[in-house]
Structure formats: structure tokens, C-alpha cells
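Structural characterization, general
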4 protein chains.
Amino acid sequence: MSMCSCKIDKEVNEECGIFAITKTDDSDIDVVGENYYALYALQHRGQESCGITVNDDGVFTTIKGVGLVPDVLTPEKMAKMPKGKMAIGHVRYAPKSQIDAVNAQPMVVRHAKGTLALAANCALVNALELRQEMQQQGTFFQTTNDAETMAYLIARKRLETHSIEEALALALERFEGAYSLVIMSPTKVIAARDPQGFKPLCIGKLKGGYIFASETCALNAVGAEFIRDVKAGEIVEIVNNELIVYREGVQPKGLCVFEYVYTARPDSVIEGCSVHRARRRAGELLAKAHPVEADVVIGAPDSGLDAAQGYALESGIPYGVGLLKNRYIGRTFIQPVQSQRENSVKIKLNPITETILGKRVVLVDDSVVRGTTSERVVRLLKEAGAAEVHLRITSPPFKYLCYFGTDIGKPEDLMANRMPIEDMAAAMGADSIGFLSLEDTKKMASGICQDYCVGCFSGEYPIDVSKAHMVDKFDEKIKEIK
Amino acid sequence: MSMCSCKIDKEVNEECGIFAITKTDDSDIDVVGENYYALYALQHRGQESCGITVNDDGVFTTIKGVGLVPDVLTPEKMAKMPKGKMAIGHVRYAPKSQIDAVNAQPMVVRHAKGTLALAANCALVNALELRQEMQQQGTFFQTTNDAETMAYLIARKRLETHSIEEALALALERFEGAYSLVIMSPTKVIAARDPQGFKPLCIGKLKGGYIFASETCALNAVGAEFIRDVKAGEIVEIVNNELIVYREGVQPKGLCVFEYVYTARPDSVIEGCSVHRARRRAGELLAKAHPVEADVVIGAPDSGLDAAQGYALESGIPYGVGLLKNRYIGRTFIQPVQSQRENSVKIKLNPITETILGKRVVLVDDSVVRGTTSERVVRLLKEAGAAEVHLRITSPPFKYLCYFGTDIGKPEDLMANRMPIEDMAAAMGADSIGFLSLEDTKKMASGICQDYCVGCFSGEYPIDVSKAHMVDKFDEKIKEIK
Amino acid sequence: MSMCSCKIDKEVNEECGIFAITKTDDSDIDVVGENYYALYALQHRGQESCGITVNDDGVFTTIKGVGLVPDVLTPEKMAKMPKGKMAIGHVRYAPKSQIDAVNAQPMVVRHAKGTLALAANCALVNALELRQEMQQQGTFFQTTNDAETMAYLIARKRLETHSIEEALALALERFEGAYSLVIMSPTKVIAARDPQGFKPLCIGKLKGGYIFASETCALNAVGAEFIRDVKAGEIVEIVNNELIVYREGVQPKGLCVFEYVYTARPDSVIEGCSVHRARRRAGELLAKAHPVEADVVIGAPDSGLDAAQGYALESGIPYGVGLLKNRYIGRTFIQPVQSQRENSVKIKLNPITETILGKRVVLVDDSVVRGTTSERVVRLLKEAGAAEVHLRITSPPFKYLCYFGTDIGKPEDLMANRMPIEDMAAAMGADSIGFLSLEDTKKMASGICQDYCVGCFSGEYPIDVSKAHMVDKFDEKIKEIK
Amino acid sequence: MSMCSCKIDKEVNEECGIFAITKTDDSDIDVVGENYYALYALQHRGQESCGITVNDDGVFTTIKGVGLVPDVLTPEKMAKMPKGKMAIGHVRYAPKSQIDAVNAQPMVVRHAKGTLALAANCALVNALELRQEMQQQGTFFQTTNDAETMAYLIARKRLETHSIEEALALALERFEGAYSLVIMSPTKVIAARDPQGFKPLCIGKLKGGYIFASETCALNAVGAEFIRDVKAGEIVEIVNNELIVYREGVQPKGLCVFEYVYTARPDSVIEGCSVHRARRRAGELLAKAHPVEADVVIGAPDSGLDAAQGYALESGIPYGVGLLKNRYIGRTFIQPVQSQRENSVKIKLNPITETILGKRVVLVDDSVVRGTTSERVVRLLKEAGAAEVHLRITSPPFKYLCYFGTDIGKPEDLMANRMPIEDMAAAMGADSIGFLSLEDTKKMASGICQDYCVGCFSGEYPIDVSKAHMVDKFDEKIKEIK
């Protein structure tokens, strides 16, 4: 029932959140302040680093760094930010090896024709190719970030073209992969989404201003009205407080279905479907596909809670609160004593004996990755007196790499690759297990999109991923000790 | 459905959490490490400061400071802690004016006959009297903390007596008020609870060790078995890994009922009653006392969630998730832009339109203090499209001061003192309001205790509070700028 | 030629610096600001911790902590200090084991009759005795600091007396040892010096204010006029901007002669004798007592420089600059690589080849403790091409413990206790060595005082030190990890 | 007599320090540790930021940041540095607007053919031109630093050439201005100096290793033997522990004479002349040119002390110590109370009355910029009782901009541009003033170089500076709040 991002021992990490805001001259919107609140609302999409760039009459001022929104965008620093008419912001998920201030976004580039700032939720399969090509031409890279590759290519194209829109359109032709991005030039904010529409991106309107945001929850946070989603392949911009479509797009066919399963906030609406409703629906579909005799349905906090209610409703088994998450742990749980490692699930998650003791429990969770967390949770419930534990998972088993930003680890670590499904329940100490089928997973979001990217479950991706293996080969010849 | 401590714009703050652990010589229990986990589990009882003191063969080593458990008890500092056979720990709630490292507990006192450490969840009504008396006799005070008063009186009594138990018993005769405390001498750990039993305190057992803790959730965190609650007025100690009752106690008649309403964790069991169950029961009692025609019952996160399920069950109205709390905000929400103040509820709490739009909503919350938070939440729901909002509160209206540790502000700020109950719904924009009656509040916890302290609701307190007004008069002639 | 406190690998550490300032109601003196500048000027007397307490109409506000003056007394904290009519300040030298914020001064004590603050440059030989006595009577100690013992005894005496002066006089009767101190009560500032006058203390006057300070350099720093030194055994106070002698004193007979040799700043004047002049005189006396044929006289920075000029003048050998100290190192030199230890003298001190190459060098330094530093400096000069190096030391060899605040380490580590003087030159690689005789050392300061404490050289102390050995036995049963 | 860099209220700031070290495979030299010590010794050349890059088999690891050497290169970070066979380091002076971690050196560049690191003491007059040219070709700049311009041009040239040496030589043809630099490629360290030899650079040798350093004091710090200065226009490298001249150089004709006057450390030897000796000589020349009847000659600490001795020797007037600098202030003096501003000279500098009272004083200082500091020092001496104060300055009056790295502020602020020399003494309250003539200034360093850059005194520069005015126009369209 909640923010969906602090999962216990989360083994799936992903995504970034982006935001852009513009205002008219006479509006008193505080574009930096609103950006802050929006990033707070998008924090679940990335907790490693964050930043805001404001454009004050062509002067771009940035705060960015490693840490959560309130830790990086401190009142002291925010007070030094100039007022401006537009601003973009970013929260970033990053694999541990890339948590570094230099990788924080927005990327700001000074080029021969001016300045541009970029915030992107992106994963390019041809990043290394583009990078090497530009290096041959005398562009030097500071980061290991795809966003830098994108920003530099756009800036290079700008040198040869007459407008930022033209430059962007030319650059996008070269990008293969997933991206939702916002660009800020000295006078404009532009948004673009890849042709498959892997990552969400929506448009909102305030009195006297416009907004682009990864999720609608950021619109709510700033009191903006939802206009529509940016289309797949679309380039759309705000010029003089008017929303102008520079290049038409289409209905996405490659939206990452995991946005509904886990990534997005339940109070967001993506491509016309409430995430909360999608999860309840997943629970209902699970109940139909994998019924079981039981006394209580509980959810694994936080992302399993909505689906558990759906399962309960559909099955008629009462919904209960069986697991409590320690709200103080969040992302900061530190184990000071290594030998105590086993204890960590107990610290983070507490069973409510009242709900569980002597009961046959249906435990609804969003996914199984390595299986170790689920195993510990099942054991916790059994130790608290559950008579039976039936695992119900609101997605199919993970079997394949994601090339588009979701870091689920190496295929050989995935539980579904180490054993047949029928052995998984026993391996985790559960009495039964049921996964949502691929078909039902696609139905979860009520059919607004006609198709989704389900590559991590099926191994079939919406675009060619053959170049993607090269991505790991970015040289690590340059390191900085912070 | 959860930790109960990060309430939105929480206006009630209270309590402390205490913990003690002992082990036998040959046990490999890590008393410092377990203490850490236990304090994590008790964090909801106090977020201002915390600390641990370990006793290694008579040498007392302490880490304490201002901040949350992981911020104060860092791995670097924990690594410097000696092993030992016993340790005590504390998490402290403090009014803002007293948030200072010097006030953090455990209090450690070096006296002529040795050393003692104290961790107490306490509020004495005669603290000033005791303090002045000791000052006249040449004892000097460093803090504004009742725990220092207690520790010094115990230490002074120790000078005149032959044992720490005797000293403690003599000192306790002088303490008027609420306290659950643990004391560590060079060789023993002793626990005591005031004659009314205002504050919870329980006993647990590990293989090769014993535990005292404010709540049973701390026993779970370290894998200990629950033995029993310490009785009101009891003095009980661990000597050579044996549990010895030094002074008999009785069944509490003054336990703070607000422990069940708000303070304690739902997975704790206090005086034989699960807090989770008590809250569900409160919801059921509310549904009987204040029924209403509605489409959905939702809870105010986090402490209203259990009761909302009880209300739903009893009333037959479906339970729904209507409000999401931003998990990243917790206690650290900082508003960088003052003018945006109005926005803060929106940042912390998000309505799920799906659940609310066009619906008649029952909103279950634990209490109304000044009323401003409830008003904002009601408005949020209305803006999100709720057709009606019916407030149901799982406690009576606050009308009187608490002298025993719960800081609910000045009586004149309490909404129930500014208007009759019948006007409160309108003042908050709600369509109706219903409070749990005093009688039902006492029934919430299923009658295990025969009576409770309900002074903040009734103005009648279990002990004489006439000296308590002096407490505010502690001189503030000494300040330190940190 | 300079501040005398950053000696290279200094093996002698000592002392504290104290300061007090009062002003009339209508004066616009900033007592806190002036205190800051004064502590900066006294920084050489103690670099471990520092603090200021200001008295604003009876409310005592303190900033104190571990670190240098600008690190502890930051602009942010200083801005929060109230204005007031009087303030006292302290810089503290501390042995490493006692560097802790809790030991920083001023000590502020809240007692039954009010409040007092104390800043003391002190070393009591009967501290443990006093402490144990008070502990028996119910006084509890937070620190391992003699200043706390003094403050508590004064506060206890205050309970039995009618004035702070009376209390102070009674307490002083119990103090055996060295002390110069200032006390601030809600309405007065009082200064006192022990009967031998071990530590310096002087009185200054500003328009509309008075000052007590350890050295006259602090008077200069705030633009005050020197009035006179406080006498040994004197108690003197400022009441309503009048200087009142509460108890008469005498000419000191036990002033620590090492103040002239090393401790004090050259621009200070102590008991009528300029420290700069005393050092030049020491150089002249050395030249007479230990002449040598040489080409150049150089000083070991910083405290040997004045004396080197005196030696040069008297001997007719030219003065030269042969050693440069790296100004960036000060007290903060950190060796990141342990194996490089040998290098440290080279980093801190650089020979000027021009001055040294092929020359017979007289090197004037203030003292020899363990001998290791001198040995390294001699080697440095030889490696830089010195033909001969003749060590001339402006004090006698250290042979005995100091019980009055100067930490010269254990007697068995002192070079003079490990070998006869005639072997010391060879042991350090020098071509000859000459120490100032005890008689000449006493003459250095031109005979203003009739006698000095020279206990560390002679083993004969002005007072009985037999209880002093107990001081080390303060229990270490209480530790805090910071 | 000392480090020369902490001048009181220093109005001239300048320079950077560079260092490089290589070792053979079998040597146990710790290249990172030695680099640390060397930067400590070069700290006077730049206190704003610093850094080290070590090359461990082609992997470049860097620590850099804003602050002094021990603050940036902490033991914790140093411990994480890999061992390696070569390393380069840098200390940076920067105008306040450019103090930013991103501007810290070494600059490390990843290019299509590998990696290079650069540390440079540089000021290019055509930096903007080069930058714009590269921007047109798709190179993007992160800093406002000339070193980045240099590094990127070298890296671009590397793309078109077969060796780093060739690339460097081609790039150097484009650089107009002052530079001494070291470059590290995966296998080599290369040093180069501009054709005029504005900035010093020397070569040293260790057993099993080679060194390049800005000053010889860094050689001493690591125990290296001085080999020779790098020649003007020379490119010289270390390959397999052999010193190879890639391009021949010449004797410098444009060395900045201010290195002898103020910048360099007195124990360094530049182009065959000891800085200490040069300063004494300046004092002697001043005494001949501007004799005066006086009682004592004193130096303004620290850079006037050597010259004061020269003046005393030549004039026969006794040398004395008249001003003491507070060693704790250094660069960190912070004034917590704005109104006290006037006091700051008193805090930093203390007169020794003994030396000054009633005397006719010759005060030797290195330069006069705005004149405010000198005025305060003169006043200080007069207030301390000096009968007369005669200012003697070891350089000519500043009248013109320096385009090569020394920041002396705007021409209109220079005292020599606001009044004729004959009025300056009166303006500063001095009884007379005498400057070293341009001719004598060039003679100071004993004629080893045949000519110097004296542009700031004469307005005639060794190279065309007409493009230099553009340098200020680097856009400031990108800012980051740290």
C-alpha cells in the first residue's frame, strides 16, 4: 500500500525520474521550488543522486550531487538558486559502481552556439558506439553516463544545424534504446520519448506554466493538471508558454510493464491506467489463476499490498496486515555487526503474530529475483506461527537481462534460471507458489497500451539489443577517490 | 498498518524507549550488536537522540548523541565498542528545546562507590523539588533531564547504603511520576517500573541471556522469547543470569492508554494485548458508535490503518487505500521555500484518485490535536474528488495536559478546547466526525488491565500532579551553542 | 623570531590561556568579539580545545569544543552569542588522552545559589584528594579535569557562604598547586593566582572596561592598556567597572621560568620583563658561558630565533637564517604514509644551503627533551653541508617531572637521564653542546622576580608535591566514543 | 626568513605548483607518498585546491579537491590510492570566483587513443581563441581553466599523431603565454616549459626515480638530488627511467622576477640563484640606493625578513625583530565580527615594543599593491612607539597588469597609479619610502638569467599580450552551487 520503492532487500533497482517546468513572465510560479517538490515525489525512481538546473535568462545554475533530494538540495543551496523562467530536474538510480557526483544529472553542456541542459531516463544499446565515434572526433567524456553521450551528440548536431529542435531530431535518429528526456536551451524546454515508449513521460499544466514529468504523481505534488502522456517518438516543446508538437509520435508499444508491477508509484496514472488499479487487477488475475484455500491474504510491503487486496477481494479470503516494515530503515539500514547479517530481515520486517498465528497465509509479492529475500520472508512467517505460506507473485519469473535500465543482476543468479518453477516453492520453504502469466501481466494495465516490453520475462525485446553487450566495456581507466 | 511514528505533521510526540541485555560468560551473544537492533526496533518511541552503554568488566563505554540510531551508532563507532557482558540502550523523544547531546541517555554516573548507568522512560512531577534539594547538598546538574535527577538521587542513596538495589528502592520512594527504567551497575542490570505502571516494560529471554525492553517488538528484533511484563512498582534484576525479583509489583492501573492508540508499534504486545488487535478493535467500536453510509473506509497512514480495517469489517463498507505516504519524507522533510508551506501535506501524502473519486469516504485517524493536519487531509481528499469525508477518530478529544511524557502542546491550542465537538467537523471541512468514547477507549485493549491513565482526555490523573507545574521552571540560565 | 608554539616535533607541551573582560553599561565594547581576538592571541598556550562564556544579565551562554579558535568559535556560532557585559574565555592544552569536548573550558556550574563559570590555567597536586572528598558528599564529576574540581569546590563553598568572594577564598585554601584563574558570577568577574605565582596573569584596562589575561599579548590584541600583573595569592575583582583587591597578594617566587624560555609569546611582558628580551639575554649568557669558533649563528624556529640573535650579538659571529619552517604544517601535519616517518623533519624544516654550506654553525634551541628532534635537526644541517654544528640550549637539561602543567613525558625518556651531558653532543651528532646553567636561567629575566620554579631542572619544587603522584590514578571506568 | 606565502593581508596572489615523479619497476619509492610531501613543500604556490593522479599500469586514479594539501589528501583517501610507477601532482592558486573542485588539477582526459593527465602552472593569452576553435569542432568544456584548454588541445593533437610527444609539440605551437607543465601518459611522464621560461621548473633524481618540480624545495622534501632546470621551450621526458630531451630549449629570458621577490620559497634555487640570497641582495641594493639614518632594521614577515638582513648588513644599522606574525592565523583567519575589521592587522601582526619603542625604524617589505596593508603596519609601529618609520620595498612600484598568472588586481586600485611616488610615504604615514629600481630588481638574482619578465613594473612584456584581454570574457553562463 505505498511508495513502492523501499522494498525489503530489494534486488531489482531501476530507473530515473525527470521533470521540467516553464512559466510565463508574469506568473509567480517558483520553478526551482516546484522542481524540488516534484523530485521529492519522484524520489522512488532513483535515490542515488539528484539535481536541478534553473535557467535565468540564459544563465544555467545547477545544484546536483549524490544523495536523496533533501540531502543534496539543502535549504542553504536552494536559497542561492536564482529565480528563473524554466528549470529541469532529475533523480537517478545508479549501479553502485557509478554512484558519483560527476554522474549526477542534469548534464549541462556549454557548446559553441550556447548552452544546453539535459535530464534523461535512458539506456542506450549503442552508447559505446556513439561514444567512440565522438571520441575519434575530439569530444572528451567525463562520465560513464549515457546521458553525457546523448547531450554531447545533441550539442554536436547543434553545431551543424539552425535550431535545437533540428539538432535533437538528428541526434535522436542515432539513439537506439530507451529514453524519455527533457532538454533546456537558453529559451526553451523540449521533451522527447523513444519510438517504443519504454519509459513513461507526461505533460501537465499549471496556471501560467507547463510541466513534463516521468509520472503523474509529480504533477499532483505541484498542483498541476494532467494533459496527456508524451507519445512514443514524439518531440514536444514549450515555447512562449505554448505547447508545440515538433515531431508527431505514436501510441507506445514497448512500455516497460514493470512500471505497473513495481517501479511507478501507485497514485500515478500511466498511459491511462492507474498503477494502483493495475496492481489490484494483478491480484485479481492471480487469484483466478492460482487459487488456494487459505485464511488470510497479506502483502509484502510495500509493492505487494495493493495486489494483496485484489487477491483478497477476488478470492473472498480476508485481507490482513501480516508484515510491518520498519519505517526508519528505508535505504539507510546499516549493519554495524557483520555476523548479525541473518537478522536483517527481522529488523526490517516484523510479523504481526495476531494475523498469522495458526493461519494459512497467502503472501502476495511483486517479483522473485534471486529468491533469497522471499525465502527469508517465508521463514519469518513460519517462525511467527503461520500454518502454511502460499506465495503469489504479480509477475512472471525473471529469466533474461533487461537492456533498458532495470538492473536485475546476472542471469545465472536469477532463481528462475537455477531451477524449474515447480521446485521454487520448496526452495523457499513455501507451501505453494504461483506466478502471474505473461498474458495476464500484459492485461494488468487494462489494455490501454496494445503491447509492452516484457523482455526480462520472455527474452524478446522490442528492438535489436545485439550491440548492448558492449556497454559494459566502457573503460575504467580513470578513477577518482572521493 | 505500520510503524505508527511518522505521522503526517504529527502534533503528538512522546516517549522514550529503553533496553537492557545481559549474557552469561560462555554465551557468544553480542550485547552491543543486539542492543543496536533493539534500538532500531524501538526507534518509533524517540527519534531525537539515542545511545548505548556497554559494561566490560566494570568499564562503562558509551556512544550517544543527537540523531537516529544509524546516524549516532555508526559502524565506525560501533567497531570501537568493547565486548561486554551487559549493555543498556535508549532512544529519546525530546521537546525541541532540549535536543542536545548532553541530554542523551544512558546517563552514566561516577560516584564514590563505583559507577552506574541509567536509561529511563520517565516524567517526574516532583523533579524540580528533588533537584533543588540535591543542589542544596552540593550536587551539580549538567542537563535539564529528569533522568539525571533520577541517576543522581540513586547515586546519592548508594553512598548511604550497602547495595545498589537498596539505593534504588530508597530513591524510588522519592520519585513521583511515570517511569520505566533500567540501571546497570558494574555487576548487575536492574529494571523498575513506577507503581501505576504508566510506561510499558517487558522481560525477555535469550539462550544465555536476559532482556528488558520497552516493547516486545524489541524482543522480536533480537530473537528473544517473551517472558512477562514487569509489574507496576516491581524491582527486578538479572544476577548471574538469573531473574530475581527484589521487590514485588502489582498489575498496572495507570498504563497510558495512548500506547495502544498511537505510541506503541502494532506488532508489540502490551499487558497481554496486541496493539494491532487493540487498534482493529477501536475501529470496530467506532463503527458501532458512529456508523455512517459510505462507499469506502480508508486510514490515515500509518496509525489509522489498522483501525480502518476494523471499521470496514464491522461496518461492511469496503476497505480501500486512499492515501499514500511518501516514504522518503519521514522525519526529515525540509521545506526549502517558505512560501510553499501550504504544499507540504501534498508532498507527504498523496490521494489515490481511483479509490476516492466520487466516493463517500470514511477516514479513520488516531487523534485530533490542533486540528490543522486533519483539516488539510480532509481538503486533500475533497480536492481529489471525494463526495463526502467522514472523520472517525480512535480516541476521545484531547482536552488536558499530559504530565507524564506526552507532549500535546498547550491546552488553549487543542481544538477540543476551542469549540464544541459538534462544530469540529465543519471546522475541518468534514461531513461528520465521531470520536471513540472514553469507555470504548478503555475497552480497546480487551480488558487485560483493569484501568488506564486517561488524564489527557478526562483531566483525572492516577497520581497527584500539583507539583508538576513547577517543572517548567527549571532555570535556563545556562546555554550552550552547538 | 616568532610565536614560539609550533616547535618542530615539539616534545614539551604545556599550559592554558585564560581571559576575562567586563564593560560598563554604556560602553559599546563587544565583549564576545574581543574575547575571540584575545584567544587568538593566546592560542600558543593551548591548541586542543577552547571556549567562551558570555554573561548576559545572568544568563550564561557558552561556545566550546575541541579545536583551534577559528574552528570552534565559528562565525555561525559567534553570531548566535548574545551581547553581554562580561565574558570569560579559555584555550586549553591537553594530553592526548584528555582531548574531549567535555573537558573544554570554561566550566559552567549551576548551583543552588546561582551560576558560575570558571576558566583556569591550573595543575593541582591534591586534585584527587579533593575529588574523592566531594564524591563522598554526593558531588558527581563529568570530566577528568582539575578545573571541574576547582569549580565544584568553589560552588560547594558558595552554598555555605554569603558571597562568591568568600567562597572563592575558602576554596583556594584547599587548592595545592599552580593556578591562575578567572571566575564569572552573574554580576562579577574575579581573578586569582596561587601563592607561588606559578602561572602568569595580568590586568588590563580599556575605555569602559577591564581585562584579565594570561599574557600581555592578549591586551595588545584588543587594544587594552597594561595595568599590572596579578600578584601571587591575590584575589582581585571587577565590580561596577572598578578594580577591587579582595585579598592582597605578594611578589611571585615560584613563576615557571619556562614561560620565558619557551611558553610565552616574545611580544608579551611578564613580571616586568619582555619575553623577547629575556630570550636575547639567554642567548648572550650562553655565548659567554659556551663560546665557540664558528661562522654563523642560527636559531631553531621559532623559539630559538631570539636567543640566536643574542648569541650572535655577544659573540660577534654573524646571525643567519639557516632553517625555514613550513608555515602550512603547524599542528596539522599528518603523515599519510607511515613508512615515511623519517621524512617528517624534512617536510617541516628546510635548511637554507646558502647559509650553511661549508660553515661552522652554532644552532640555538630552547631545550632538549628526548633528544630525537635535536638529533634530526643536526643531521639535516650536516646533510645540507654544515662543516660543524654546535648546539647551544637556552635552558638546563630536563631531568625531573613537572607537576604544574608542563608535560615533558616520563623521566626515563629524558635524554639527560639516559646519559651524561658530555655524551649528548655525540649522541645527537653535534660537535659540541652547551646548556644554560641554572643560575643563568634565573638571570634571563633580568631579576624582576627574586626566584622561580625550576623544579624540572633541579628537582626542587616550591611546594610539597608528594600527593601529586595520585593524580594519575583518576579512574578510567567511564569512556565515551566520539 | 620564511615561507613567503602567508603575507599579512596579502594583496598579491599567484601561481601554481606542479610535481611529477617516476620510478623503476624494482624501486620501492612510494610515488604517491612522495608526491604528497612534495605538494606540502610547494603549498605556498597555491592554497586553493590540490590533487594527485597516480598511474598504475595505465589506470589513472586521482584525488583532488578544494583545500590545503592535508585537507584534501586525507589519510583515508591516500590509503585508497593504488601503488604505481608514476604520479603527478598540483597545488593551485585561483581567483576566488574560480575556487571549485571541478577546476582542481591534475586534469585527466580520456581520449580515443588512451588517457592523459596534465598538471600545469599556466596562463595563456590566447586561451579563449583556442577554446572557441575547439568548441566549433565539438569539444565541450567543463571548466574555466586554461589547463583544460591545454589538455584538450594536446588530446586532440594526439588523435592525429603517432606519439604523445608529437602531439604535445604540435599543441605547444599553439599555446601563447606562460606555462610550465607535466603530462602523464599511460607509459611516460613529460615536462615542458614555454619559450620565455616565465615559470620555474626543475629536474631532480632519486635512486631509482626521476622528478620534475616547480621549485627545488620540493626536491629537498623528497630527498632528491637537483639535476638542472628545464630550459625555456624544452620538452623533456622520462622513459624507462631515462631522461630524454625530446626538443631542445634555451636559457629563459622571461622568467618572472617576482619569483625572487615574493613567490618562491627562500630555500629554493631558481636558475642557479638561491632565493634567499636574491632577497638579501635586494636588501643590500636597497640600502645603497635608499640609505637613511635609523636605529633598527626590521622585516615585514615573512617575505621581508631576508631582505631586512641584507639591508642591515649593508647599512650597518642593527637588525631586529620588530613584528611577530601570529602563526595560527595563516590563511584561515576569519573575522567573526564585522565591526572589528580594523583590528585585523593587530591580530595577525604584533609589534615587539622592546625593539621599536623610541627607535627610528627601517621597515623592509617586498611590494606595495593597494597600499592599505603597508599603511596599517606603519600605523601599528607608530602606535607601538616608533619614532620614525622608513619603508623600503624590494621591488619597483606595481603599475601594470600581469597577464601571466599573478593577480594584482585592477590597475586603478594600484597605489602607484593613484599618486606619484613622492606622495606615497605621506599617504601611508611613513617618514620616507624607497623602492628598488627596475635595474636593481633585475640584478637581485645575480645575473644568471640575462633578462626577466618585469611587465607588471614596466608595462613591457616578453610576448604580445593583445589577445589577453579576451580572457575575461569566458562566458559565465554555467554555474554550480556547491
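Given the structure is predicted, the values throughout are model-derived calculations rather than measurements. Starting afresh in each chain, residues are numbered from 1 along the sequence in its written order. Written order decides the labels, with chains lettered from A and ligands numbered from 1. Two thresholds apply to this predicted model, a pLDDT of at least 70 for residue-level local features and 80 or more for giving and counting side-chain atom pairs, whereas whole-chain, interface and lining totals are computed over all residues.

1. Let's talk about the overall build of chain A
Secondary structure assignment for chain A yields 17 helices and 26 strands. Radius of gyration here is computed from C-alpha atoms only, and the compact-globule reference equals 2.2 Å multiplied by the residue count raised to the power 0.38. For chain A, whose C-alpha radius of gyration is 23 Å, the value lies close to the compact-globule estimate of 23 Å for 482 residues. Taking the principal axes of the C-alpha coordinates as reference, chain A spans close to 70 × 45 × 45 Å. Per-residue burial for chain A yields a buried fraction of 62% across its 482 residues. The contact rule is simple: place each C-beta atom from the backbone, and if two of them lie within 7 Å, those residues are in contact. Look at the contacts in chain A between residues 6 or more apart in sequence, and 71% of them connect residues 24 or more apart. To qualify as a helix, a DSSP run of H or I must reach at least 4 residues; to qualify as a strand, a run of E must reach at least 2; elements of each kind are numbered from the N terminus. Buried, partly exposed and exposed are defined by the number of other C-beta atoms within 10 Å of a residue's own C-beta, namely 20 or more, between the two limits, and 12 or fewer respectively, with C-beta atoms placed from the backbone.

2. Some words on helix α13 (residues 372-383) of chain D
Residue and element names in this part refer to chain D. The span expected for a helix works out to 1.5 Å for each residue beyond the first. End to end, α13 covers 16 Å across twelve residues, agreeing with the expected 16 Å (1.5 Å per residue, within 8%). Of all the residues in α13, the buried ones are Thr373, Ser374, Arg376, Val377, Val378, Leu380 and Leu381. Looking at the residues trailing α13, positive phi occurs at glycine 385, about 105°.

3. What to know about helix α6 (residues 164-174) of chain A
All names here are of chain A. Within α6, burial applies to Ile164, Glu165, Ala167, Leu168, Ala171 and Leu172. Within α6, the buried residues cover an arc of 155° as seen down the axis, which keeps them to one side. Buried residues in α6 make contact with β7 (114-124), α5 (146-160), β8 (177-184), β9 (189-193), β13 (235-239) and β14 (242-247). In this context, the arc is that of the directions from the helix axis out to the C-beta atoms.

4. Here's the deal with the domain arrangement of chain A
Residues and elements named next belong to chain A. Throughout, the edges of the domains are those of an automatic or database domain assignment. The domain architecture assigned to chain A consists of domain 1 (13-252) and domain 2 (276-326 + 344-458). Using C-alpha coordinates to define each centre, domain 1 is positioned 34 Å away from domain 2. Facing twelve residues of domain 1, the contacting portion of domain 2 comprises eight residues. When contributions to the side of domain 1 that touches domain 2 are tallied by element, the ones reaching two or more residues are β1 (13-14) and β8. Here the nonpolar group is Ala, Val, Leu, Ile, Met, Phe, Trp, Tyr, Cys and Pro; Asp, Glu, Lys and Arg are the charged ones; every other residue, Gly included, is treated as polar. Among the residues forming the side of domain 1 that touches domain 2, the class breakdown is six nonpolar, four polar and two charged.

5. So, the arrangement of the chains
Taking C-alpha atoms only, the smallest gap left between chain A and chain C, which are not in contact, amounts to 13 Å. Between chain B and chain D there is no contact, and the shortest C-alpha to C-alpha distance separating them is 13 Å.

6. Description of the nonpolar core
In this structure, Val182(A), Leu181(B) and Val182(B) are the most contacted members of the largest nonpolar core, which totals 326 residues. Excluding residues that lie within four positions of it along the chain, Leu181(B) makes contacts with Ile18(B), Leu118(B), Ala119(B), Ala120(B), Cys122(B), Met150(B), Ala191(B) and Ala192(B). Any nonpolar core is a set of buried residues, restricted to Ala, Val, Leu, Ile, Met, Phe, Trp, Tyr and Cys, that join up through C-beta atoms within 7 Å.

7. Structural notes on the environment of Ser437(C)
Residues and elements named next belong to chain C. Tracing the sequence through the fold places serine 437 in the loop between β24 (432-435) and α16 (438-443). A tally of 16 C-beta atoms within 10 Å means that serine 437 is categorised as partly exposed. Serine 437 sits 44 residues away from isoleucine 393 along the chain, and the two C-alpha atoms are 9.7 Å apart. Not counting chain neighbours up to four residues away, the residues in contact with serine 437 comprise Ala289 and Pro396.

8. Overview of the sheet that holds strand β3 (residues 49-56) of chain A
Either a parallel or an antiparallel arrangement is found when strands of a sheet pair, and the pairing is made through backbone hydrogen bonds. DSSP bridges decide pairing: two strands pair if at least two such bridges lie between them. With mixed pairing, eight strands are arranged side by side in an open sheet as β12(A)-β10(A)-β11(A)-β2(A)-β5(A)-β3(A)-β4(A)-β26(D). In the strand order of this sheet, the two ends are held by β12 (225-229) of chain A together with β26 (478-480) of chain D, each with one partner. Neighbour-to-neighbour, the strand axes of this sheet turn through a mean angle of 15°, independent of strand direction. Two elements, β3(A) and strand β4 (residues 59-66) of chain A, share eight bridges in a ladder whose sense is antiparallel. Bridge assignment links Val54(A) to a residue of β4(A), and that residue is Thr61(A). Between the N-to-C directions of two axes lies an angle of 0 to 180 degrees, each axis being a line fitted to C-alpha atoms and, for a helix, fitted only over the stretch in contact.

9. Re the sheet that holds β14(A)
Residues and elements named next belong to chain A. The six strands are arranged β6-β7-β8-β9-β13-β14 in an open sheet whose pairing can be described as antiparallel. Every interior strand has two partners, whereas the edge strands, β6 (107-111) and β14, have only one. On average, each strand axis in the sheet is inclined to that of its neighbour by 25°, with strand direction left out of account. Packing against the sheet, α5 makes contact with β6, β7 and β8, and its axis sits at approximately 135° to β7. Seen against the sheet, α6 touches β7, β8, β9, β13 and β14 and runs at an angle of roughly 20° to β9.

10. Some points on unusual backbone geometry
For the bond from Pro301(B) to Asp302(B), the omega torsion is -5°, close enough to zero to count as cis. With an omega of 0°, the peptide bond running from Gln105(D) to Pro106(D) counts as cis. Backbone geometry at Glu271(A) places phi at a positive 50°, although glycine is not the residue there. Mapping Glu271(A) onto the fold places it in the loop between β16 (269-270) and β17 (273-274). The class of Glu271(A) is partly exposed, set by 19 C-beta atoms lying within 10 Å. Even without glycine at this site, Asp57(C) takes up a positive phi of about 55°. Residue classification places Asp57(C) among the exposed positions, given that 11 C-beta atoms sit within 10 Å.

11. Brief notes about the pairing of strand β13 (residues 235-239) of chain B
All names here are of chain B. Extensive coverage of β13 is indicated by the burial of four of its five residues. Inspection of the sheet shows strand β9 (residues 189-193) paired to β13 by four bridges, in the antiparallel sense. Residue pairing for β13: alanine 192 is matched across the bridge by isoleucine 235. Note: β13 against strand β14 (residues 242-247), five bridges, orientation antiparallel. When the bridges of β14 are listed, valine 236 appears paired with valine 245. Linking β13 to β14, which pair antiparallel, is a turn of two residues; within it asparagine 240 sits at a positive phi near 50°.

12. Quick look at the confidence of the model for chain A
All names here are of chain A. The predicted model of chain A averages 89 in pLDDT, with 91% of residues at 70 or higher. The score called pLDDT rates the predictor's confidence residue by residue, from a low of 0 to a high of 100. The low-confidence segment residues 1-13 (pLDDT under 50) makes 47 contacts with residues lying over four places distant or belonging to another chain. As scored by the predictor, the complex reaches a pTM of 0.88 and an ipTM of 0.87.

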